[in-house]
Amino acid sequence: SWDTALMIKNSSLVQQVVVLYMVSVATYNVSGMQVTSALSGVMRVMLEATRTLCVWLFTLAWHYLVDPSSAFGEMWTSWSYLQALGFLVLIVGQ
């Protein structure tokens, strides 16, 4: 929207964040293309699923090892078993 464009124009910090985001997305996509060309598309899909698992494990570790009161962490709940089972089905089902 116009508000977003104006915010980017007027804030050097937001400009830096946008550039960093663009570089990280480009790096991610180039890495994915390299994995696909060197290995296979199936391997890339498996790595994508593993990436999701790593993010979830990171949020659990952040909560229990770094700062339990942080909004970035996630507690282990009674539904976490179902989430872990879902990741297992996702990985094994590929």
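Structure: above.
*Asks:* Even after reading the chapter, I still don't get the packing of aromatic side chains, so can you show me in this structure?
*Replies:* Ring pairs (aromatic) are described by centroid distance and by the angle formed between their planes. Within the structure shown, the criterion is met by 4 aromatic pairs. Note on Trp56 and Phe87: the rings are 5.4 Å apart at their centroids and 35 degrees apart in plane angle, and the pair reads as tilted. Of this pair, Trp56 sits in helix α3 (residues 41-66) while Phe87 sits in helix α4 (residues 80-92), and the two are 31 residues apart along the sequence. Between Phe58 and Trp62, the ring centres sit 5.8 Å apart and the planes meet at 40 degrees, which makes this aromatic pair tilted. Taken together, the residues span about one helical turn, with Phe58 and Trp62 both in helix α3 at a distance of 4 residues. Taking relative accessible area as the criterion, Trp62 reaches 27% and is therefore assigned partly exposed. Through successive ring pairs, a cluster of aromatic residues spans Trp56, Trp76, Tyr81 and Phe87.

*Asks:* Explanation requested: α3 in the structure shown.
*Replies:* Each full turn of the α-helix corresponds to 3.6 residues, which orients residues three or four apart in the same direction. Taking 1.5 Å of rise per residue, 26 residues should cover 38 Å, and α3 covers 36 Å from first to last C-alpha, within 8% of that figure. Of the positions making up α3, those classed as buried are Ala49, Trp56, Thr59, Leu60 and His63. Summarising the contacts, the buried residues of α3 are in contact with α4.

*Asks:* Hey, could you run me through the packing of helix α1 (residues 2-10) against helix α2 (residues 12-38) in this one?
*Replies:* The description of two helices packed together rests on the angle between their axes and the distance between the axes. Running from N to C, α1 and α2 point in directions that differ by 105 degrees, and their axes come no closer than 5 Å. Comparing the axis directions of α1 and α2 gives the class roughly perpendicular. Contacts between α1 and α2 involve Met7, Ile8, Lys9 and Asn10 on the former and, on the latter, Ser12, Val14, Gln15 and Val18.

*Asks:* Looking at this structure, I do not really get the environment of Ser40. What am I missing?
*Replies:* Considering the arrangement of structural elements, one finds Ser40 in the loop between α2 and α3. Residues Ser40 and Gly93, spaced 53 residues apart in sequence, show a C-alpha to C-alpha distance of 17 Å.

*Asks:* How should I be thinking about the pattern of salt bridges in this particular structure?
*Replies:* Side-chain pairs of opposite charge can arise where the charged atoms are in close proximity. Evaluation of the coordinates by the stated rule reveals 1 salt bridge. Across the pair Arg51 and Glu48 runs a salt bridge, and its minimum N-O distance is 2.8 Å. Remark: Glu48 and Arg51 occur in helix α3; sequence separation between them is 3 residues, near one turn of the helix. For Arg51, a relative accessible area of 42% translates into the label partly exposed.

Definitions and cut-offs
- Residues numbered from 1 in each chain as written.
- Predicted model: local features only at pLDDT ≥ 70, side-chain atom pairs only at ≥ 80, totals over all residues.
- Heavy atoms only, no water.
- Phe/Tyr/Trp six-rings, centres within 6.5 Å; stacked < 30°, edge-to-face > 60°.
- Helix = DSSP H or I, 4+ residues; strand = E, 2+ residues; numbered from the N terminus.
- Buried < 20%, exposed > 50% of the residue type's maximum accessible area, 1.4 Å probe, protein only.
- Expected span 1.5 Å × (residues − 1).
- Contact = heavy atoms within 4.5 Å.
- Axes fitted to C-alpha atoms, helices over the stretch in contact; angles between N-to-C directions.
- Parallel < 35°, antiparallel > 145°, perpendicular 65-115°, else oblique.
- Salt bridge = Lys/Arg side-chain N within 4 Å of Asp/Glu carboxyl O.

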